[in-house]
Amino acid sequence: MYRTALRNVLAHKGRLLMTALAVMLGTAFVAGTLVFSDTMGQAMRNSYSSSFSDVSVLVSSHGGGDRGGPGEEPQPREKDDKSLTDATVKELAALPGTDRARGVVTGFTGVADKNGNLIGEAYGARGANFAPDASGADPRYPMAEGRGPRNAGEIALNKQAADKAGYHVGDKVRVAGNGAAEDTTLTGVFTTDDPQVSSGGTLALMDTATAQQRLLQPGRFNSVVLTAKAGTSEAQLLDQAKGKLAEADYTLQTGQQLKDEQTKMVADSISGLKTMLLVFAGISLFVGIFIIVNTFTMLIAQRIKELALLRAVGASRGQVTRSVLVEALAIGVLASLAGLLAGVGIGAGLQALLHAFNDGIPTGSLVIAPATIVGTLVTGVVVTVLSALLPAVRASRIPPVAAMSSGDQPTTQRGLVVRNSIGVLLAGAGLGLILSGANSTGSGARTKLELGAPLTLIGVFVLLPLLSRPVIALVGPVLAKVFGTPGKLARLNAVRNPRRTATTAAALTIGLTLVTALTVIGNSVTSAVTSMVGGSLKADYVVAMANHRELSPELAPLVAKANGVKAASQVDNVWWQLGDTGKDKAIEGYDADAFDQLVNLTMQSGSTAALKQNQILVNDEVARDQHLAVGSTVQAKVDDSTTATLTVGGVFERNDGVSPIVAPNKLIEQYDPNPLVQQILVKGVDGPSDALKQSIKDATGRNPVMEVQTKKDLVDQFSRIISTMLNLMYGLLGMAVIVAVLGVINTLAMSVFERKREIGMLRAIGLERRGIKRMIRLESVVISVFGAFIGVLLGCFLAWASTRVLASDLKGLTTVIPYGSVLLFLGLAALVGIVAALWPARRASRMDILSSIKTD
């Protein structure tokens, strides 16, 4: 039986090719993901470990530094933090085990190119102090040209940034932090193995006093690096430092602890990327399951007499089942090996692509771990064998008497009833959970949606055979009228075997469901954000840093004095405990006199004029939860020792463009003189204009990191983020679509083989070769569009439910279907059908009439 199984694989290798390709593509995606993530992880770990080569112990203060940034939750600066000063550095340098103590100052610093634009990305721009040793050099930053900075107004720049901007020693370079920019002189160009710099960031070095003034506070350091003497271990030096400093006031870590921390950080970041890629690889493999099931089902249908004859000569059901599974095992092993080899190429390609976008990204030799080899092979084999299990069981049930009959074994009515019943139960349960979640709020709603979506998908897949006849029947009259006999035959062929049609279409249904849902959700969120920005802002411009960090307190008065500015206000941000909730509430502060010219609120009671009386405004949800009304007072805990009594001067309709509580700047700064400021709102005398925009930029010293954006700019920026995310998802789902196309080709090719006699008869009674081609193509288009149509409907429904759940977090979020995109998806599905039918249609049209009619 095993020899028979292997002979069958060789005999039907052409028909099994598409199945093998589907498995190979899925496993290649898995292997490529594992190779790429392991290679990147190893390269990043090696790169980061070198940045701590001179660190035996790192002492850091708890407070200080700038606040806010990409991916960070802005928080108030800690109070009463212990500072690291020159005296602290000297104390630590005097420890018995210290060879050298170096104070470190670091913070955000952007560098402009000769056109005034920021070099690199804002999140990778840093400044630090140049700390020379007795020789006048800083071993961390060896100079390739010139010397290190010694005085205010001098900087040194990393070589990658200097080369990119075309700077040379002696050039004037504009640098900026979170305030006005200033011109400096470039005294040196250095090299460094700092991974953040080598991966495309910029690093501007200043003398220590200037760095403290610009990046922190005069006389203070962010951290102190201790290098141990020969014979002193990191642990011993750590104990000595702990004896000198109180652990409650400072954070002390050894170099090894820092390396371990970085290793964990790298592992976590790579793990997230790996998980995302593996999810899409899993989708591709899941789509491949439909191809495998379809292929083996059709092969068994074509070999009914052969299998029945084996039963007649003594083969047991178990032997027949095992013979089919051995065929699947052979295909799985061969396809997985090919997928592993292709995956190594994909991993190398992804690494090269990433390096092409950013040549500073750490790279290294490809890492092909044993777990990658085993995982890829096991995944491919298990998926293939399990997918062939159901067809194998069906094969074992073919009775020996079938050897004397001809044609396929018909599907029993009982089997269809059981399948449809299961489909109705699954789809019904899923729909019930989704509808319940869509009409609920909170984490429970999300849980119901997460459980209901896969149940509904599976239920719909099970019901696809039942749905295929009525859905395809809708286009029957159009096909017959437009394309004549080939169109009519195409419709009949598409519904001849509903199970086969459904299994082929399901692959496209999966992809289109995900693509449509993501597209509709993205379009809906973009629409809501557009409405929110337009409805909450009256300001002509919003001034903020490109990396969303804290703005300098000196900036708002400079902007307010710029030519053409009618009104301006910095937006203060604090987090105070309101009432007895025990939870911090976000409060935004605005200039009371300028508020009505900059922000638009729909007041339910009271007036925005209350801000001028040092009163607060709360939205309707806060008012309801805290039982507040105009004239009410509420206690706000500012910190452990300070409580403020706030008077409510107005209640406004919830607006996600502003915080739930609005207060005048004067009130906030009375209790917190140093609030977090990340935006300045500006209203022009004559509205937005290029002249006003330039005037605001000039007020910032033409800071290259400062963005001056209109409402449209803000919306466009958000739209670009959504578009980028969608394009990434489309690209990752592209592999699943390719596998789905292979499924359509496979089904049509095997279907053409089955219908050789029928095609020969059609040719004999006068249907031309062109008519045969058209029939096959239309059949392919019908199947593809059917799968896409169900996927689009299902995707729109899931998107509707998702937006209903998300609406509690983003007011005004409603489902907005991009009908143009939906029609494009259906059009692309039709194109997929045409492309997939090219080879099967050509093959069918070239069949010899007489040999086809004689086919058994």
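Structural data are supplied above this passage.
Predicted, not measured: the structure shown is a model, and the values here were computed from it. (Residues numbered from 1 in each chain as written. Predicted model: local features only at pLDDT ≥ 70, side-chain atom pairs only at ≥ 80, totals over all residues. Heavy atoms only, no water.)

(A) Up close: the overall build of the protein. A tally of regular secondary structure across the protein gives 26 helices and 24 strands. Each of the three principal axes of the protein carries a C-alpha extent, and together these read 100 × 75 × 50 Å. In the protein, buried positions account for 50% of the 856 residues. The long-range fraction of contacts in the protein, counting pairs at least 24 apart against all pairs at least 6 apart in sequence, stands at 82%. Separation of charge centres in the protein, based on 80 positive and 68 negative side chains, amounts to 18 Å. (Helix = DSSP H or I, 4+ residues; strand = E, 2+ residues; numbered from the N terminus. Buried < 20%, exposed > 50% of the residue type's maximum accessible area, 1.4 Å probe, protein only. Contact = heavy atoms within 4.5 Å. Lys, Arg positive; Asp, Glu negative; His and termini not counted. Charge placed at Lys NZ, Arg CZ, Asp CG, Glu CD.)

(B) The arrangement of the nonpolar core in detail. Phe280, Ile283, Val287, Phe461, Leu464 and Phe786 are the most contacted members of the largest nonpolar core, which totals 59 residues. Counting residues per element, the ones that place at least two in this core are α2 (13–50), α8 (255–302), α13 (443–483), α14 (485–496), α15 (498–536), α21 (711–754), α23 (769–806) and α24 (819–836). Formed by 35 residues, the second largest nonpolar core is a distinct cluster that contains Ala101, Val105, Val224 and Leu237. (Core = buried A, V, L, I, M, F, W, Y, C linked by side-chain atoms within 4.5 Å.)

(C) Geometry of the pattern of salt bridges. Under the criterion given, the structure shown has 17 salt bridges. A salt bridge links arginine 174 to aspartate 183, with the shortest nitrogen-to-oxygen separation between them at 3.2 Å. Among the charged side chains, a network of salt bridges with common partners joins Glu621, Arg654 and Asp656. (Salt bridge = Lys/Arg side-chain N within 4 Å of Asp/Glu carboxyl O.)

(D) Local environment of the packing of α21 against α23. At a minimum axis separation of 11 Å, α21 and α23 run at an interaxial angle of 140°. Overall, the two elements α21 and α23 adopt an arrangement that is oblique. Two packed elements cross with a definite hand, and for α21 against α23 that hand is right-handed. For the pair α21 and α23, contact is made by Val744, Leu748, Ser751 and Val752 and by Ile776, Glu779, Ser780 and Ser784, respectively. Here the residues of the contact of α21 with α23 sort into four nonpolar, three polar and one charged. (Axes fitted to C-alpha atoms, helices over the stretch in contact; angles between N-to-C directions. Parallel < 35°, antiparallel > 145°, perpendicular 65-115°, else oblique. Left-handed = near helix turned anticlockwise from the far one by under 90°. Nonpolar A, V, L, I, M, F, W, Y, C, P; charged D, E, K, R; others polar.)

(E) Geometry of a nonpolar patch on the surface. A grouping of Leu366, Ile368, Ile373, Val374, Val378, Val382, Leu386 and Leu389 is seen on the molecular surface, where their side chains present a nonpolar patch of about 630 Å² in accessible area. Tracing the backbone through its elements, the reader meets leucine 366 in the loop between α10 (317–357) and α11 (370–396). (Patch = residues over 30% accessible without salt bridge, like charges linked within 9 Å, V, L, I, M, F, W, Y side chains within 5 Å. Areas by Shrake-Rupley, 256 points an atom, 1.4 Å probe, with all protein chains shown as cover.)

(F) Structural detail: the environment of valine 744. Within the secondary structure layout, valine 744 lies in helix α21. Given the relative accessible area of 1%, valine 744 is considered buried. When the C-alpha positions of valine 744 and threonine 504 are compared, they lie 5.9 Å apart, and in sequence the two are 240 residues distant. With sequence-adjacent residues up to four places away left out, valine 744 is seen in contact with Thr504, Ser780, Ser784 and Ala836.

(G) Local environment of the packing of aromatic side chains. Counted under the stated rule, the structure contains five aromatic pairs. Look at phenylalanine 286 and phenylalanine 461: their rings are 6.4 Å apart centre to centre, the planes differ by 45°, and that puts the pair in the tilted class. With phenylalanine 286 in helix α8 and phenylalanine 461 in helix α13, the pair connects residues that are 175 residues apart, well separated along the chain. Phenylalanine 286 gets classed as partly exposed once you look at its relative accessible area, which sits at 36%. Its relative accessible area of 10% is what places phenylalanine 461 among the buried residues. When the centroid spacing of 5.9 Å and the interplanar angle of 25° are considered together, the rings of phenylalanine 797 and tryptophan 800 count as stacked. In this pair, phenylalanine 797 and tryptophan 800 are both assigned in helix α23, three residues apart and thus about one turn of the helix distant. Residue class for tryptophan 800 comes out partly exposed when judged on its relative accessible area of 28%. (Phe/Tyr/Trp six-rings, centres within 6.5 Å; stacked < 30°, edge-to-face > 60°.)

(H) Geometry of the side chain of threonine 504. Tracing the backbone through its elements, the reader meets threonine 504 in helix α15. Given the relative accessible area of 4%, threonine 504 is considered buried. Those residues in contact with threonine 504 that lie beyond four places of it in its chain are Asn294, Gly743, Val744, Thr747 and Ile783.

(I) Focus on the environment of serine 56. Along the chain, serine 56 turns up in the loop between α2 and β1 (57–61). When its relative accessible area of 9% is taken as the criterion, serine 56 is described as buried. Taking the C-alpha atoms as reference points, serine 56 and leucine 238, 182 residues apart in sequence, are found 8.2 Å from one another.

(J) Expanded view of unusual backbone geometry. Even without being glycine, histidine 548 reaches a positive phi, approximately 60°. Relative to the helices and strands, histidine 548 is located in the loop between β15 (541–545) and α16 (555–560). Looking at histidine 548, the relative accessible area reads 42%, which means it is partly exposed. The backbone phi angle of histidine 627 is positive, close to 55°, even though this residue is not glycine. Inspection of the secondary structure puts histidine 627 in the loop between α18 (620–626) and β20 (633–639).

(K) Looking closely at α15. Its 39 residues place the ends of α15 54 Å apart at the C-alpha level, agreeing with the 57 Å of an ideal helix rising 1.5 Å per residue. For α15, the buried fraction is high: 28 of the 39 residues fall into the buried class. (Expected span 1.5 Å × (residues − 1).)

(L) Region of the structure containing the sheet that holds β1. Here we have four strands laid out as an open sheet, ordered β3-β13-β1-β14, and antiparallel in their pairing. Looking at which strands have only one partner, the edges of the open sheet turn out to be β3 (98–104) and β14 (250–254). Direction aside, the axes of adjacent strands within the sheet are offset by 15° on average. Note: β1 against β14, five bridges, orientation antiparallel. Counted as the bridge partner of valine 57 is threonine 254 from β14. This element, helix α7 (residues 234–244), spans β1, β3, β13 (223–228) and β14 of the sheet and lies at about 165° to β14. (Pairing = 2+ DSSP bridges.)

(M) Molecular detail of the pairing of strand β11 (residues 202–207). Burial of β11 is extensive: six of the six residues sit out of reach of the surface. Side chains Thr202, Ala204 and Met206 project from β11 onto one buried face, and the interleaved Leu203, Leu205 and Asp207 project onto a second face that is buried too. Pairing geometry for strand β8 (residues 154–158) and β11, over two bridges, is antiparallel. Paired with leucine 157 across the two strands is alanine 204, which belongs to β11.

(N) Region of the structure containing the side chain of serine 336. Inspection of the secondary structure puts serine 336 in helix α10. With relative accessibility at 0%, the residue serine 336 sits in the buried group. Looking at serine 336, its side chain comes within polar contact range of the main-chain oxygen of glycine 332, at 2.6 Å. Residues contacting serine 336, with those up to four places away along its chain left out, are Val23, Thr27, Thr376, Leu377, Gly380 and Val381. (Polar contact = N/O pair within 3.5 Å; in protein donor to acceptor, adjacent residues only side chain to side chain.)

(O) Expanded view of the environment of methionine 276. Along the chain, the position of methionine 276 falls in helix α8. In this structure, the C-alpha to C-alpha distance between methionine 276 and leucine 732, residues 456 residues apart in sequence, is 9.5 Å. In this structure methionine 276 touches Leu728 and Leu732, once residues within four positions along its chain are discounted.

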